[in-house]
Amino acid sequence: MVKTSLATKAVAVTLGVLVIAGLTAMPAQAAPKSGLKIAIIPKAINNGYFTAWNKGAQKACKEISATCKYMGPTTATGPAQVAFINQAIQQGYNAIVISAADQNAITPALKKAIARKICIVTSDADITDTKSRTVAVLPASSERIGAAEVDWIAAQIGNKGKVAVLSAAATAANQNAWIDAMKRQLAAKYPNITLAGVYYGDDDATKSAQQYGQILTEHPDIAGIISPTTVGIRAAAQEKKSKGSKVAITGLGLPSEMAPYVLDGTVKEFGLWNPIDLGYVGTMAAAECASGNLKQANGAKFTAGGKSYTQGANGVVYLGDPYKFDSSNIVAFSKIY
Ligand code: RAM
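Calculation criteria
- Here the residue numbers are simple positions, counted from 1 along each chain's written sequence.
- Under the rules for a predicted model, residues below a pLDDT of 70 receive no local features and side-chain atom pairs below 80 are neither given nor counted, while totals for whole chains, interfaces and linings still include all residues.
- Calculation of side-chain values draws on the structure's entire complement of heavy atoms; hydrogens and water are dropped beforehand.
- At least two DSSP bridges between two strands are required for those strands to pair.
- Only DSSP runs of H or I reaching four residues or more are called helices, and only runs of E reaching two or more are called strands; each is numbered from the N terminus.
- Only the stretch in contact is used when a helix axis is fitted, and all axes are lines through C-alpha atoms; the angle between N-to-C directions ranges over 0 to 180 degrees.
- Among buried residues, those of type Ala, Val, Leu, Ile, Met, Phe, Trp, Tyr and Cys that are joined through side-chain atoms within 4.5 Å constitute a nonpolar core.
- The buried label applies to any residue whose accessible area, calculated with a 1.4 Å probe on protein chains only, is under 20% of its type's maximum; exposed applies above 50%, and partly exposed to all values in between.
- Residue ranges for the domains trace back to a domain assignment, done automatically or taken from a database.
- Here, two residues are considered to be in contact whenever any of their heavy atoms come within 4.5 Å of each other.
- Handedness is read with the strands pointing away from the viewer; a crossover is right-handed when the path from the first strand over the helix to the second is clockwise.

### Here we look at the sheet that holds strand β8 (residues 222-227)
Here's step 1: As summarised here, the arrangement of the 4 strands in space is β7-β6-β8-β9, forming an open sheet in which the pairing is parallel. Two strands close off the open sheet at either side, each with one partner strand: β7 (193-200) and β9 (248-251). Taken pair by pair, the neighbouring strands of this sheet meet at an average axis angle of 25°, ignoring direction.
Here's step 2: Sheet topology places β8 next to β9; 4 bridges connect them, and they run parallel. What sits directly across from Gly-224, in β9, is Ala-248.

### Observations concerning the nonpolar core
Here's step 1: Counting 78 residues, the largest nonpolar core has Ile-38, Val-137, Val-267, Phe-270, Leu-272, Trp-273 and Phe-302 as its most contacted members.
Here's step 2: Of all the elements, helix α10 (residues 275-290) adds the most residues to this core, at 10 residues.
Here's step 3: Counting contributing residues, this core receives three or more from each of domain 1 (2-140 + 274-334) and domain 2 (142-272).
Here's step 4: Ignoring anything within four residues of it in the chain, the contact list for Ile-38 reads Ala-66, Thr-67, Cys-68, Lys-69, Tyr-93, Ala-95, Val-97, Thr-283 and Ala-287.
Here's step 5: Ile-98, Ala-100, Ala-109 and Leu-110 belong to the second-largest nonpolar core, a separate cluster that totals 19 residues.

### Observations concerning the pairing of β8
Here's step 1: Taken across its 6 residues, β8 has 6 buried, putting it largely inside the fold.
Here's step 2: Pairing of strand β6 (residues 161-167) with β8, which is carried by 4 bridges, proceeds in the parallel orientation. Within β8, the position partnered with Lys-162 by the bridge is Ile-222.
Here's step 3: Once the chain exits β8 it traverses helix α8 (residues 230-243) before rejoining the sheet at β9, and the crossover so formed is right-handed.

### Section: the pairing of strand β2 (residues 67-70)
Here's step 1: As defined by bridge partners, strand β1 (residues 37-41) adjoins β2 across 4 bridges and the pair is classed as parallel. Opposite Ile-38, over in β2, you have Cys-68 as the bridge partner.
Here's step 2: Each parallel crossover has a hand, and the one from β1 via helix α2 (residues 48-63) to β2 is right-handed.

That's the geometry; what it means functionally is another story.
Now the structure itself:
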(Lines give C-alpha, C1' and ligand atoms only; values in the text may rest on other atoms or scores of the structure.)
Protein backbone atom coordinates (compact mmCIF):
# COMPACT_ATOMS: atom_id res chain seq x y z
CA MET A 1 0.00 0.00 0.00
CA VAL A 2 2.68 2.43 1.08
CA LYS A 3 4.79 1.27 -1.83
CA THR A 4 1.97 1.88 -4.33
CA SER A 5 1.21 5.35 -3.12
CA LEU A 6 4.91 6.28 -3.23
CA ALA A 7 5.16 4.90 -6.75
CA THR A 8 2.04 6.80 -7.78
CA LYS A 9 3.47 9.99 -6.32
CA ALA A 10 6.75 9.44 -8.16
CA VAL A 11 4.91 9.04 -11.46
CA ALA A 12 2.89 12.18 -10.77
CA VAL A 13 6.04 14.13 -9.92
CA THR A 14 7.81 12.85 -13.02
CA LEU A 15 4.86 13.76 -15.21
CA GLY A 16 4.73 17.19 -13.60
CA VAL A 17 8.40 17.76 -14.36
CA LEU A 18 7.91 16.59 -17.92
CA VAL A 19 4.95 18.92 -18.40
CA ILE A 20 6.87 21.87 -16.96
CA ALA A 21 9.93 20.95 -19.02
CA GLY A 22 7.77 20.63 -22.10
CA LEU A 23 6.30 24.05 -21.55
CA THR A 24 9.43 25.97 -20.67
CA ALA A 25 12.53 24.20 -22.01
CA MET A 26 14.25 25.14 -25.24
CA PRO A 27 14.12 22.55 -27.99
CA ALA A 28 16.58 19.77 -27.18
CA GLN A 29 19.97 20.08 -28.86
CA ALA A 30 20.36 17.64 -31.72
CA ALA A 31 23.08 15.05 -31.23
CA PRO A 32 26.29 15.58 -33.19
CA LYS A 33 26.62 13.73 -36.48
CA SER A 34 28.59 10.54 -36.27
CA GLY A 35 31.68 9.88 -38.39
CA LEU A 36 33.14 13.38 -38.06
CA LYS A 37 36.88 13.91 -38.50
CA ILE A 38 38.27 16.20 -35.80
CA ALA A 39 41.88 17.39 -35.45
CA ILE A 40 42.99 17.87 -31.85
CA ILE A 41 45.94 20.30 -31.87
CA PRO A 42 47.75 21.09 -28.58
CA LYS A 43 50.34 23.80 -28.07
CA ALA A 44 52.86 20.95 -28.04
CA ILE A 45 52.43 17.17 -27.93
CA ASN A 46 55.26 16.54 -25.46
CA ASN A 47 53.44 18.28 -22.58
CA GLY A 48 51.64 16.08 -20.01
CA TYR A 49 48.89 18.69 -19.62
CA PHE A 50 47.89 18.19 -23.24
CA THR A 51 48.13 14.42 -22.93
CA ALA A 52 45.37 14.73 -20.31
CA TRP A 53 43.45 17.24 -22.48
CA ASN A 54 43.59 14.79 -25.38
CA LYS A 55 42.31 12.02 -23.13
CA GLY A 56 39.12 14.04 -22.69
CA ALA A 57 39.00 14.77 -26.42
CA GLN A 58 39.28 11.08 -27.30
CA LYS A 59 36.58 10.21 -24.76
CA ALA A 60 34.22 12.66 -26.50
CA CYS A 61 35.16 11.26 -29.91
CA LYS A 62 34.42 7.72 -28.81
CA GLU A 63 30.98 8.73 -27.54
CA ILE A 64 30.01 10.31 -30.86
CA SER A 65 31.87 7.88 -33.15
CA ALA A 66 34.18 10.57 -34.49
CA THR A 67 37.70 9.98 -35.76
CA CYS A 68 39.99 12.28 -33.85
CA LYS A 69 43.66 12.71 -34.54
CA TYR A 70 45.93 14.21 -31.91
CA MET A 71 48.59 16.11 -33.82
CA GLY A 72 50.87 18.99 -33.02
CA PRO A 73 54.42 20.29 -32.75
CA THR A 74 57.07 19.51 -30.16
CA THR A 75 57.81 23.20 -29.64
CA ALA A 76 54.91 25.34 -28.45
CA THR A 77 54.86 28.09 -31.10
CA GLY A 78 52.21 29.41 -33.47
CA PRO A 79 54.28 28.94 -36.66
CA ALA A 80 54.90 25.31 -35.65
CA GLN A 81 51.14 24.78 -35.17
CA VAL A 82 50.31 26.24 -38.61
CA ALA A 83 51.74 23.14 -40.32
CA PHE A 84 49.16 21.00 -38.49
CA ILE A 85 46.26 23.34 -39.28
CA ASN A 86 47.25 23.08 -42.95
CA GLN A 87 47.42 19.31 -42.65
CA ALA A 88 43.87 19.25 -41.24
CA ILE A 89 42.71 21.38 -44.18
CA GLN A 90 44.41 19.15 -46.75
CA GLN A 91 43.06 15.98 -45.18
CA GLY A 92 39.47 17.21 -45.15
CA TYR A 93 38.82 17.40 -41.42
CA ASN A 94 35.40 18.70 -40.29
CA ALA A 95 36.64 20.49 -37.19
CA ILE A 96 39.76 21.60 -35.35
CA VAL A 97 40.12 21.90 -31.58
CA ILE A 98 43.22 23.94 -30.82
CA SER A 99 45.02 25.46 -27.86
CA ALA A 100 46.67 28.49 -29.44
CA ALA A 101 50.37 28.76 -28.65
CA ASP A 102 50.25 32.17 -30.34
CA GLN A 103 47.18 34.34 -30.12
CA ASN A 104 47.83 35.98 -33.52
CA ALA A 105 50.18 33.90 -35.67
CA ILE A 106 47.76 31.03 -36.35
CA THR A 107 44.82 33.23 -37.37
CA PRO A 108 45.49 33.38 -41.15
CA ALA A 109 45.68 29.54 -41.25
CA LEU A 110 42.43 29.29 -39.25
CA LYS A 111 40.74 31.69 -41.68
CA LYS A 112 41.78 29.39 -44.53
CA ALA A 113 40.25 26.44 -42.65
CA ILE A 114 36.99 28.34 -42.06
CA ALA A 115 36.82 29.13 -45.80
CA ARG A 116 36.85 25.34 -46.34
CA LYS A 117 33.90 24.96 -43.91
CA ILE A 118 36.02 23.56 -41.07
CA CYS A 119 34.71 24.47 -37.61
CA ILE A 120 37.26 25.94 -35.25
CA VAL A 121 37.06 25.72 -31.46
CA THR A 122 39.86 27.02 -29.28
CA SER A 123 40.26 25.22 -25.97
CA ASP A 124 42.64 26.18 -23.15
CA ALA A 125 44.20 29.17 -24.97
CA ASP A 126 42.23 31.49 -27.24
CA ILE A 127 43.11 33.77 -30.18
CA THR A 128 42.73 37.54 -30.36
CA ASP A 129 40.40 37.55 -33.37
CA THR A 130 37.33 35.91 -31.82
CA LYS A 131 35.62 35.78 -35.24
CA SER A 132 38.23 33.30 -36.45
CA ARG A 133 36.82 30.55 -34.25
CA THR A 134 33.28 29.65 -33.21
CA VAL A 135 33.71 29.27 -29.45
CA ALA A 136 36.56 29.23 -26.95
CA VAL A 137 36.23 26.62 -24.21
CA LEU A 138 38.34 27.95 -21.35
CA PRO A 139 38.86 26.68 -17.81
CA ALA A 140 37.70 29.71 -15.81
CA SER A 141 37.72 33.48 -16.11
CA SER A 142 41.22 34.97 -16.26
CA GLU A 143 40.29 37.14 -13.29
CA ARG A 144 39.59 34.08 -11.11
CA ILE A 145 42.72 32.20 -12.23
CA GLY A 146 45.08 35.16 -11.84
CA ALA A 147 43.66 36.25 -8.47
CA ALA A 148 43.77 32.72 -7.06
CA GLU A 149 47.46 32.33 -7.91
CA VAL A 150 48.31 35.64 -6.24
CA ASP A 151 46.35 34.62 -3.12
CA TRP A 152 48.25 31.32 -2.99
CA ILE A 153 51.69 32.95 -3.14
CA ALA A 154 50.67 35.75 -0.72
CA ALA A 155 49.64 33.20 1.90
CA GLN A 156 53.02 31.45 1.55
CA ILE A 157 55.17 34.58 1.86
CA GLY A 158 53.23 36.34 4.64
CA ASN A 159 51.72 38.96 2.30
CA LYS A 160 55.03 40.74 1.69
CA GLY A 161 58.13 40.67 -0.48
CA LYS A 162 59.13 40.37 -4.12
CA VAL A 163 57.53 37.88 -6.48
CA ALA A 164 58.27 36.98 -10.09
CA VAL A 165 56.20 35.23 -12.75
CA LEU A 166 57.71 32.34 -14.70
CA SER A 167 55.36 32.18 -17.68
CA ALA A 168 55.12 30.06 -20.82
CA ALA A 169 55.29 32.20 -23.98
CA ALA A 170 54.74 35.93 -24.40
CA THR A 171 52.54 35.02 -27.40
CA ALA A 172 50.02 32.90 -25.44
CA ALA A 173 46.67 34.58 -24.74
CA ASN A 174 45.91 32.49 -21.67
CA GLN A 175 49.22 33.34 -20.00
CA ASN A 176 48.95 37.03 -20.85
CA ALA A 177 45.38 37.35 -19.57
CA TRP A 178 46.25 35.59 -16.31
CA ILE A 179 49.33 37.78 -15.74
CA ASP A 180 47.25 40.92 -16.29
CA ALA A 181 44.76 39.62 -13.73
CA MET A 182 47.61 38.89 -11.28
CA LYS A 183 48.76 42.50 -11.57
CA ARG A 184 45.24 43.72 -10.80
CA GLN A 185 44.97 41.42 -7.77
CA LEU A 186 48.38 42.55 -6.46
CA ALA A 187 47.39 46.20 -6.81
CA ALA A 188 43.99 45.68 -5.20
CA LYS A 189 44.89 43.45 -2.27
CA TYR A 190 48.63 43.26 -1.58
CA PRO A 191 50.34 46.66 -1.18
CA ASN A 192 53.44 45.01 0.33
CA ILE A 193 54.11 42.59 -2.51
CA THR A 194 56.00 43.84 -5.55
CA LEU A 195 56.22 42.17 -8.93
CA ALA A 196 59.93 41.94 -9.78
CA GLY A 197 59.38 40.77 -13.35
CA VAL A 198 57.84 38.34 -15.82
CA TYR A 199 60.12 35.67 -17.31
CA TYR A 200 59.31 33.38 -20.22
CA GLY A 201 60.29 29.71 -20.37
CA ASP A 202 58.25 29.04 -23.56
CA ASP A 203 56.78 25.82 -22.12
CA ASP A 204 60.21 24.29 -22.59
CA ALA A 205 61.63 22.48 -19.55
CA THR A 206 65.26 23.51 -20.16
CA LYS A 207 64.48 27.15 -20.89
CA SER A 208 62.13 27.31 -17.89
CA ALA A 209 64.90 25.99 -15.62
CA GLN A 210 67.29 28.60 -17.05
CA GLN A 211 64.73 31.34 -16.44
CA TYR A 212 64.31 30.16 -12.86
CA GLY A 213 68.09 30.60 -12.44
CA GLN A 214 67.84 34.04 -14.04
CA ILE A 215 65.16 35.13 -11.55
CA LEU A 216 67.32 34.08 -8.59
CA THR A 217 70.41 35.75 -10.05
CA GLU A 218 68.65 39.04 -10.77
CA HIS A 219 66.64 39.00 -7.52
CA PRO A 220 68.50 37.10 -4.79
CA ASP A 221 65.87 38.32 -2.30
CA ILE A 222 62.93 36.94 -4.27
CA ALA A 223 60.26 35.60 -1.91
CA GLY A 224 57.98 33.81 -4.35
CA ILE A 225 57.58 32.59 -7.93
CA ILE A 226 54.22 32.13 -9.62
CA SER A 227 54.39 29.86 -12.65
CA PRO A 228 51.05 29.68 -14.50
CA THR A 229 52.21 26.82 -16.72
CA THR A 230 52.53 23.13 -15.94
CA VAL A 231 55.93 23.03 -17.66
CA GLY A 232 57.24 26.08 -15.79
CA ILE A 233 56.08 25.13 -12.29
CA ARG A 234 57.52 21.65 -12.61
CA ALA A 235 60.90 23.01 -13.79
CA ALA A 236 60.87 25.55 -10.95
CA ALA A 237 60.14 22.86 -8.36
CA GLN A 238 62.92 20.67 -9.75
CA GLU A 239 65.41 23.56 -9.67
CA LYS A 240 64.39 24.65 -6.19
CA LYS A 241 64.92 21.14 -4.93
CA SER A 242 68.30 20.61 -6.58
CA LYS A 243 69.61 24.06 -5.60
CA GLY A 244 68.05 24.06 -2.14
CA SER A 245 66.65 27.57 -2.62
CA LYS A 246 64.20 29.12 -0.17
CA VAL A 247 61.79 30.73 -2.64
CA ALA A 248 58.08 29.79 -2.38
CA ILE A 249 56.60 28.37 -5.58
CA THR A 250 53.01 28.22 -6.76
CA GLY A 251 51.03 28.42 -9.98
CA LEU A 252 49.31 25.93 -12.25
CA GLY A 253 50.61 22.37 -12.29
CA LEU A 254 49.58 18.81 -12.99
CA PRO A 255 49.06 16.92 -9.72
CA SER A 256 50.65 13.81 -11.28
CA GLU A 257 53.84 15.77 -12.06
CA MET A 258 53.88 17.83 -8.87
CA ALA A 259 53.03 15.18 -6.25
CA PRO A 260 56.67 14.35 -5.36
CA TYR A 261 57.44 18.04 -4.75
CA VAL A 262 54.38 18.53 -2.56
CA LEU A 263 55.05 15.39 -0.57
CA ASP A 264 58.67 16.39 0.11
CA GLY A 265 57.73 19.98 1.00
CA THR A 266 59.34 21.74 -2.01
CA VAL A 267 55.93 23.15 -3.01
CA LYS A 268 53.18 23.87 -0.51
CA GLU A 269 50.14 24.57 -2.66
CA PHE A 270 49.23 25.24 -6.27
CA GLY A 271 46.18 24.66 -8.47
CA LEU A 272 44.62 23.61 -11.77
CA TRP A 273 41.31 22.62 -13.34
CA ASN A 274 40.57 19.24 -14.84
CA PRO A 275 42.33 19.23 -18.26
CA ILE A 276 40.49 16.03 -19.26
CA ASP A 277 37.14 17.83 -18.90
CA LEU A 278 38.50 20.81 -20.82
CA GLY A 279 39.44 18.64 -23.81
CA TYR A 280 36.15 16.77 -23.59
CA VAL A 281 33.95 19.88 -23.65
CA GLY A 282 36.06 21.56 -26.36
CA THR A 283 35.72 18.51 -28.61
CA MET A 284 31.97 18.19 -28.02
CA ALA A 285 31.59 21.87 -28.92
CA ALA A 286 33.58 21.28 -32.12
CA ALA A 287 31.38 18.30 -33.01
CA GLU A 288 28.19 20.30 -32.39
CA CYS A 289 29.58 23.09 -34.55
CA ALA A 290 30.52 20.71 -37.37
CA SER A 291 27.00 19.23 -37.17
CA GLY A 292 25.41 22.66 -37.65
CA ASN A 293 24.10 22.82 -34.06
CA LEU A 294 26.39 25.50 -32.64
CA LYS A 295 27.10 29.04 -33.77
CA GLN A 296 28.74 31.92 -31.95
CA ALA A 297 25.96 33.74 -30.05
CA ASN A 298 26.00 35.41 -26.66
CA GLY A 299 23.82 33.41 -24.25
CA ALA A 300 23.50 30.36 -26.53
CA LYS A 301 23.83 26.97 -24.81
CA PHE A 302 25.17 23.55 -25.73
CA THR A 303 25.43 20.36 -23.73
CA ALA A 304 28.43 18.09 -23.24
CA GLY A 305 28.45 15.05 -21.00
CA GLY A 306 24.93 15.87 -19.77
CA LYS A 307 25.99 19.35 -18.59
CA SER A 308 24.83 22.62 -20.08
CA TYR A 309 27.36 25.31 -21.08
CA THR A 310 26.44 28.90 -21.91
CA GLN A 311 28.42 31.20 -24.18
CA GLY A 312 29.37 34.58 -22.80
CA ALA A 313 30.48 37.54 -24.91
CA ASN A 314 32.47 36.64 -28.05
CA GLY A 315 31.71 32.91 -27.75
CA VAL A 316 33.68 32.33 -24.55
CA VAL A 317 32.62 29.32 -22.45
CA TYR A 318 34.02 28.58 -18.97
CA LEU A 319 34.22 25.26 -17.15
CA GLY A 320 34.48 26.44 -13.51
CA ASP A 321 36.96 27.56 -10.86
CA PRO A 322 40.46 26.08 -10.45
CA TYR A 323 41.03 23.54 -7.67
CA LYS A 324 43.77 23.97 -5.07
CA PHE A 325 46.16 21.12 -4.30
CA ASP A 326 48.28 20.55 -1.21
CA SER A 327 49.51 17.60 0.83
CA SER A 328 45.93 16.76 1.87
CA ASN A 329 44.63 15.95 -1.65
CA ILE A 330 47.62 15.68 -4.01
CA VAL A 331 47.86 11.89 -3.96
CA ALA A 332 44.19 11.42 -4.86
CA PHE A 333 44.34 13.94 -7.74
CA SER A 334 47.70 12.68 -9.00
CA LYS A 335 45.95 9.44 -9.97
CA ILE A 336 43.52 11.29 -12.23
CA TYR A 337 45.69 13.83 -14.12
C1 RAM B 1 50.74 24.59 -19.81
C2 RAM B 1 50.22 25.32 -21.01
C3 RAM B 1 48.73 25.48 -20.98
C4 RAM B 1 48.25 25.97 -19.63
C5 RAM B 1 48.71 25.03 -18.57
C6 RAM B 1 48.27 25.45 -17.18
O7 RAM B 1 50.67 23.21 -19.98
O8 RAM B 1 50.87 26.56 -21.11
O9 RAM B 1 48.29 26.36 -22.00
O10 RAM B 1 46.86 26.08 -19.59
O11 RAM B 1 50.11 24.97 -18.60
